[in-house]
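Breakdown of the fold
Listed below are the residues making up each chain.
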Protein chains: 4
Amino acid sequence: MAEPFRTTRLVEFHDTDMAGIMHFAAYYLYMGSAEHEFFRSLGIRLCSREPGSEGGMSLTFPRVSARCDFKSPARCEQVLDIAISVARLGNKSVTFTFEFTHDGRAVASGEMTSVCCHVHPSKPLKSVPIPADIVEKFQLFLA
Amino acid sequence: MAEPFRTTRLVEFHDTDMAGIMHFAAYYLYMGSAEHEFFRSLGIRLCSREPGSEGGMSLTFPRVSARCDFKSPARCEQVLDIAISVARLGNKSVTFTFEFTHDGRAVASGEMTSVCCHVHPSKPLKSVPIPADIVEKFQLFLA
Amino acid sequence: MAEPFRTTRLVEFHDTDMAGIMHFAAYYLYMGSAEHEFFRSLGIRLCSREPGSEGGMSLTFPRVSARCDFKSPARCEQVLDIAISVARLGNKSVTFTFEFTHDGRAVASGEMTSVCCHVHPSKPLKSVPIPADIVEKFQLFLA
Amino acid sequence: MAEPFRTTRLVEFHDTDMAGIMHFAAYYLYMGSAEHEFFRSLGIRLCSREPGSEGGMSLTFPRVSARCDFKSPARCEQVLDIAISVARLGNKSVTFTFEFTHDGRAVASGEMTSVCCHVHPSKPLKSVPIPADIVEKFQLFLA
């Protein structure tokens, strides 16, 4: 079985709430942020719309679904380990899983399904098959 | 079948991202915010930890699970209609569904499971049965 | 002296932090959100970049400066009254002040300076004089 | 002149907005996050309210004022260099400055004044003199 992509995130003070723990919605920010780090590690650039870019067309992976199970609270300044695997790989879509742990304790399990799309500022998103070179990279992390 | 609780949220500029649409993680903020409005409409106060409160003990409904399917993009300043129903009602937990629409168009479908807990600042969360008066209120929205 | 534009915001649970009060950065979100509501009340649309819009050019007021003094804590589910005035009106820029109160108690005083710009997805922002009809509207709120 | 504390932050996709640049309110999150990293580097723990902590009393530095001047846009996945200095050091308060740059280009200049306080979950915040050992540490970064 393939090894997951591993990264960490520190629980920021501003991601806690008055219950004294990390707010549940922050997990989705951490998933999105970790997913982008995973993409960068594979050489996939998602944020290429800069001044002067010809045409403004670029690749993006908008999420069609995301869920997370919260198993134990995360607290301010704890370092969360995040392990990302590819659970399913379709023609146009990919499903990632995210295991959050802290010192070996299970904190949360997330899943996110994204669809490969072309984005153009003045047109609707259009789904396209995942390019072959990206498929190859994702396959290395297929659980 | 019971009528859902209905509210609205305006898509704020700061909840959009550079793809020009509402960021996926913002849906969970809107779900949490709409859930709290639903609770207030039922007379359930979640945020009672104020200076001077005796003991500091209060009721809370931390989420153990949340998911959302994103069906079509929401854009800045669109008004989203949100319909909340009770999908499942357990002894200590409750599952809400959230239907997001804009002008009748399906935007997103969310689901959130919360567990009734006592919260005390210096102790771990402890799950407790949902009080009978709150169970009665939730049953009015059971789908 | 002109009457300010008045609106309210409820302090959301997700805007509190583990200190039990509204996080300081959330005030800037509330300022931005209230400013946009003020703009809408004047008939100024900021978020017009939608699929199919010709050229993708639209008006925006990016902030060049924002500050806030925090006078007393805001707590979960408190309703904050926000009064917006125009403190200074330049050729290309405008400075708004924001007075946050709760039940008459001073909570925070903010100030934000924005510059009128044309935005185009694939070009840098370009500052332009504030259109005359918008200048007229802002003058009604000049402190 | 003292050397500032230096750190970096990557501009996250979720901190951009539909104008294609980092949203202005995110700078305050980055300031708060960098300030906490600075505190940790000095051995100052702010987030000590955990289950079982005796009394629940801990030190905190709530902000009484924060401002930021935005000089040029920050874009998705750019790495921002952040330099923190101590601009003013009072008996109970401290003012930090934050210089944001990207590849040497000035992006933003922020300032934040915090007051040393004891926090207790069920009591109002109470300002106290900054402990001597912390004063000594801050002085090393006095501009």
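Because the structure is a prediction, the values reported are computed rather than measured.

What about the packing of aromatic side chains?
Per the stated rule, a full pass over the model turns up 58 aromatic pairs over all chains. Chaining the aromatic ring pairs together yields one cluster made of Phe24(A), Tyr27(A), Tyr28(A), Phe70(A), Phe100(A), Phe24(B), Tyr27(B), Tyr28(B), Phe70(B) and Phe100(B).

Overview of the sheet that holds strand β3 (residues 63-70) of chain A
One open sheet holds the 10 strands; their spatial order is β1(A)-β4(A)-β5(A)-β6(A)-β3(A)-β3(B)-β6(B)-β5(B)-β4(B)-β1(B), and the pairing between them is antiparallel. Pairing within the sheet leaves two strands with one partner each, and these edge strands are β1 (5-10) of chain A together with β1 (5-10) of chain B. Here the strands of the sheet are splayed against their neighbours by 20° on average, with no regard to which way each runs. Sheet topology note: the β3(A)/strand β3 (residues 63-70) of chain B ladder contains five bridges and is antiparallel. Within the sheet, the bridge partner assigned to Arg67(A) lies in β3(B) and is Arg67(B). In this fold helix α2 (residues 132-139) of chain B packs onto β4 (79-89) and β5 (93-102) of chain B, with an angle of close to 120° to the strand it touches most, β4(B).

Focus on the relation of the copies chain B and chain C
Placing chain B over chain C gives an RMSD of 0.0 Å and needs a rotation angle of 180°, together with 0.0 Å of translation along the axis. Between the two chains, the operation in question is that of a two-fold axis. The C-alpha atom lying nearest the rotation axis in chain B is that of Arg9(B); the distance is 6.2 Å. Interface overlap between copies: 100% of the residues of chain B at the interface are likewise at the interface in chain C, consistent with a symmetric, same-surface contact.

Here's the deal with the relation of the copies chain C and chain D
Structural alignment of chain C on chain D gives an RMSD of 0.0 Å, achieved by rotating through 180° and translating 0.0 Å along the axis. By residue overlap, the copies meet face to face through one surface: 100% of the interface positions of chain C are interface positions in chain D.

Remarks on the interface of chain C and chain D
In this complex, chain C contributes 21 residues to the contact, which on the side of chain D involves 21 residues. Area buried by chain C at its contact with chain D is led by Met18(C), Phe24(C) and Tyr28(C), which between them contribute 29% of it. Remark: the boundary between chain C and chain D carries zero salt bridges. At the boundary of chain C with chain D, the tally comes to eight residue pairs in polar contact (both at pLDDT 80 or more). Broken down by secondary-structure element, the contributors of at least two residues to the side of chain C that touches chain D are α1 (26-41) and β3 (63-70) of chain C. The leading source of residues in the side of chain C that touches chain D is β3(C), at eight residues. Considering only residue class, the side of chain C that touches chain D consists of 14 nonpolar, three polar and four charged.

Remarks on the pattern of salt bridges
Residues and elements named next belong to chain D. In the structure shown here, the tally under the stated rule is 28 salt bridges over all chains. Glu3 serves as the salt-bridge partner of Arg6, at 3.5 Å between the closest nitrogen and oxygen. Arg63 is the partner of Glu35 in a salt bridge, and the nearest nitrogen-oxygen pair spans 2.6 Å. Here Glu35, found in helix α1 (residues 26-41), pairs with Arg63, found in strand β3 (residues 63-70); they are 28 residues apart in sequence, far enough to count as distant. For Glu35, a relative accessible area of 1% puts it in the buried group.

Some words on the environment of Ala74(D)
Residue and element names in this part refer to chain D. Checked against the element boundaries, Ala74 lands in the loop between β3 and β4 (79-89). For Ala74 and Val107, which are 33 residues apart along the polypeptide, the C-alpha to C-alpha distance reads 6.7 Å. Discounting residues that sit within four places of it in the chain, Ala74 has contacts with Val11, Ile21, Met22, Tyr27, Leu80 and Val107.

What about unusual backbone geometry?
Residues and elements named next belong to chain A. Of note in the backbone geometry, Glu77 takes a positive phi value of approximately 70° without being a glycine. Mapped onto the elements, Glu77 comes out in the loop between β3 and β4 (79-89). Of the residues examined, Glu77 reaches a relative accessible area of 13% and is grouped as buried.

Looking at the environment of Val64(A)
Residues and elements named next belong to chain A. Relative to the helices and strands, Val64 resides in strand β3. Accessibility expressed as a relative area gives 31% for Val64, which makes it partly exposed. A C-alpha to C-alpha distance of 9.8 Å links Val64 and Thr95, two positions 31 residues apart in sequence.

Thresholds applied
- Residues numbered from 1 in each chain as written.
- Chains lettered and ligands numbered in written order.
- Predicted model: local features only at pLDDT ≥ 70, side-chain atom pairs only at ≥ 80, totals over all residues.
- Heavy atoms only, no water.
- Phe/Tyr/Trp six-rings, centres within 6.5 Å; stacked < 30°, edge-to-face > 60°.
- Pairing = 2+ DSSP bridges.
- Helix = DSSP H or I, 4+ residues; strand = E, 2+ residues; numbered from the N terminus.
- Axes fitted to C-alpha atoms, helices over the stretch in contact; angles between N-to-C directions.
- Contact = heavy atoms within 4.5 Å.
- Least-squares fit on C-alpha atoms with pLDDT ≥ 70 in both.
- Buried area = accessible area lost by both parts, 1.4 Å probe.
- Salt bridge = Lys/Arg side-chain N within 4 Å of Asp/Glu carboxyl O.
- Polar contact = N/O pair within 3.5 Å; in protein donor to acceptor, adjacent residues only side chain to side chain.
- Nonpolar A, V, L, I, M, F, W, Y, C, P; charged D, E, K, R; others polar.
- Buried < 20%, exposed > 50% of the residue type's maximum accessible area, 1.4 Å probe, protein only.

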